[in-house]
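A closer look at the structure
Below are the chains, spelled out letter by letter.
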Amino acid sequence: MYLRSIARAPYLLCAGIRQHPQGLIRRRRSGWCHYKAVIFDASGVLLPSPCKTAADWEAQNCIPAGTIQQAIRSGGENSPSLKYTRGELTTVEFLQELGQQCFEIVDDPEVALKELETHLGFPLQGFVPYTHSVRPSMEIPKDHLQKYLENVLSDQATGPLVLRQFGHGQSTRTYYVKFGDRLLVLKKEPSDSLHPSGPAVRREHRVLKALSEAGVPVPTVLALCEDRSTFGTPFYLMEHCAGRVYSDVSLPALQPSQRRAIYAAMSQVLSKIHSIDLRAAKLEDLGEHGNYIQQQVKTWTKQYRAMETHVIPAMERLIEWLPLHFPESQKTTVVHGDFRMDNLVFHPDRPEVLAVLGWKLSTLGDPISDLANNCMAYFLPPHFNALRGLRKCDLGHLGVPTAEEYSQMYCGHMGVEHPKNWNFYMAFAFFRLAAMLQGHYKRSLAGRPAPGESSPEDAEFVADLAWEFAIKEGFRVFDSLPTTKSLARRYSTWSRRGPILSRSYGTWPCPGAAPVPKVPLVTPPTSLLGMAQGFCCKLERIMDVQWSFLISQPRWTPRPLLELKAESARTKAVALTMTVWAMDQDSQVSGAEHLSSADPSLVLHSDLSSTSGRGSRMVHRTELSKPELSH
């Protein structure tokens, strides 16, 4: 409105004394800045002067004071204000020309740009998304880098060198390099890598090159340098891949249909990684085959012990529990090791993964571990320090698939069934994350920079999540155990009191009962005895660990459901063992019939003592007299 008013009466800007129906307005000083009002002769309307508004706008936008005034007054008859008054310019055209004049008035754009950078607090020249200035402790000599680039790129690029740094990585340091028109990324090993068994730069370079040739979207690698005289440690060079990196898995800037498409693209590229032909890609020797989970648990347990600052009860339980539940078999593929959404570069306009980043933990291993690692976000809070999650978010409203739907997407791409022991893989994934967070916290206490903020509460929270999945897996194992079926044979039971306070039984067909078939048992008693003993032994080990940790936590009262399930399972196991023992003893008596059916409640009288103390064993006192047989 103010600019429009000025354009209609530009003569008021430099007026000395003007006649007015009500009298005179005397100029106290020359210039527009000192007028307190603008008066239209025709209407007599009094408007506030645009002076203060223009000055405030200039200050807020870091524009030199007086620029707008100078732009309006310049140009003579061809000034934007007069042309606008004559109707030669529309409002939009007037503002565009006025803005151009303001820009031209600035004598030194570099000075103005520096003033703006000072006001904003961050650089505008050479700014690259997801980067920051190189930390003083992580600087590399630019003269060495420029000489190396000139040798590698030959005459393909010349010009000034711009160097910035990505992220907060510790196992590798990643730099953004602009050399002439070439946009590159340099990754090098730090001089004191603290990451457990982290793959070397040469290994990562090899993986990226092989995956690129196999059609997996990864950055194009250009060169590998293992000469330590250049930067002190090996490094490799690759092309920079521009695109969008989503750090928030809820994707707040997208529509529901777009969010689902992003998750579908993520699951598809993960399946593509796991479908690589190891022989064709010449990656068969990248890692060991078949024992990835075992090695990972051993490695991260060792890492956790080295970084331990206090006792985390859930971690102690997991260290004992995980080795008891290793998968019976593991498929071997290329695994990323840290597959998650913020390690993917997406196309700016469509749901397509342009590049998968962060291959420092890649090796050969169990592909389900990658899927579980990718699904951790579903169970973490939205504002968790280490990884933003989706816990308690309305996934239906967001358009984000559930954890089950997402894992089924992946399984559909791979053509496999969803793993039955899925809870074990989730427990393992959170166990590993808890060990990482504990390492970050220990390094922060020592004053060393860590990748992101971490606190002891973070590691404890993640360890508790892992233990929740371990409990779910334990119940799944118990529920999947086969139940014994009673055989279809009718018996009458004679009993008498034995020499001790127990009961002994003989089994005889009652009159009128169905004829006893002349066939042996389906399963020999000796075989049943071995199966029962094995089951009881395994159950005893599991429950020994479980109960010892339960009672070691005063603040944790054992859940009634867990207590009932455990007691029931132990009773059944001991009953089954003793029943089969009785069958085996009975089969050794000459002329006796095989005992083919027994009710555990009749055969067994046991006093299962409760567990007391950490690491205590279960003791069973059973009184069972030898079956009395009559001829």
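Note: the structure precedes this text.
Conventions adopted
Residues numbered from 1 in each chain as written. Predicted model: local features only at pLDDT ≥ 70, side-chain atom pairs only at ≥ 80, totals over all residues. Heavy atoms only, no water. Core = buried A, V, L, I, M, F, W, Y, C linked by side-chain atoms within 4.5 Å. Buried < 20%, exposed > 50% of the residue type's maximum accessible area, 1.4 Å probe, protein only. Helix = DSSP H or I, 4+ residues; strand = E, 2+ residues; numbered from the N terminus. Contact = heavy atoms within 4.5 Å. Pairing = 2+ DSSP bridges. Salt bridge = Lys/Arg side-chain N within 4 Å of Asp/Glu carboxyl O.

Things to note about the nonpolar core
Tyr-263 and Phe-430 are the most contacted members of the largest nonpolar core, which totals 97 residues. In terms of residue count, helix α17 (residues 422-445) provides more of this core than any other element does, 14 residues in total. Residues within four places of Phe-430 in sequence aside, it is in contact with Met-376, Phe-379, Leu-380, Val-462, Leu-465, Ala-466 and Phe-469. Counting residues in hydrophobic clusters, the runner-up holds 19 residues, among them Leu-145, Val-177, Phe-179 and Leu-237.

A look at the sheet that holds strand β10 (residues 235-239)
If you trace the 6 strands from one edge of the open sheet to the other, you get β5-β6-β7-β8-β10-β9, paired in antiparallel fashion. Two strands in the sheet have a free side with no partner beyond their single neighbour: β5 (131-132) and β9 (221-225). Of the strand pairs in this sheet, strand β7 (residues 173-179) and strand β8 (residues 182-188) are connected by 7 bridges, and their pairing is antiparallel. Residue pairing in the sheet places Arg-173 in a bridge with Lys-188 of β8.

What about the pattern of salt bridges?
Across all of its chains, the model carries 12 salt bridges by this definition. Salt-bridge contacts for Glu-284 lead to Arg-279; the nearest nitrogen and oxygen are separated by 3.6 Å. A residue is classified by how much of its surface remains accessible, and Glu-284, at 40% relative accessible area, is partly exposed. Of the charged contacts in the structure, one is a salt bridge between Arg-340 and Asp-342, with a shortest N-O distance of 2.9 Å. Since its relative accessible area comes to 26%, Asp-342 is described here as partly exposed. Via salt bridges that share partners, Arg-305, Glu-308 and Glu-316 belong to a single interconnected network.

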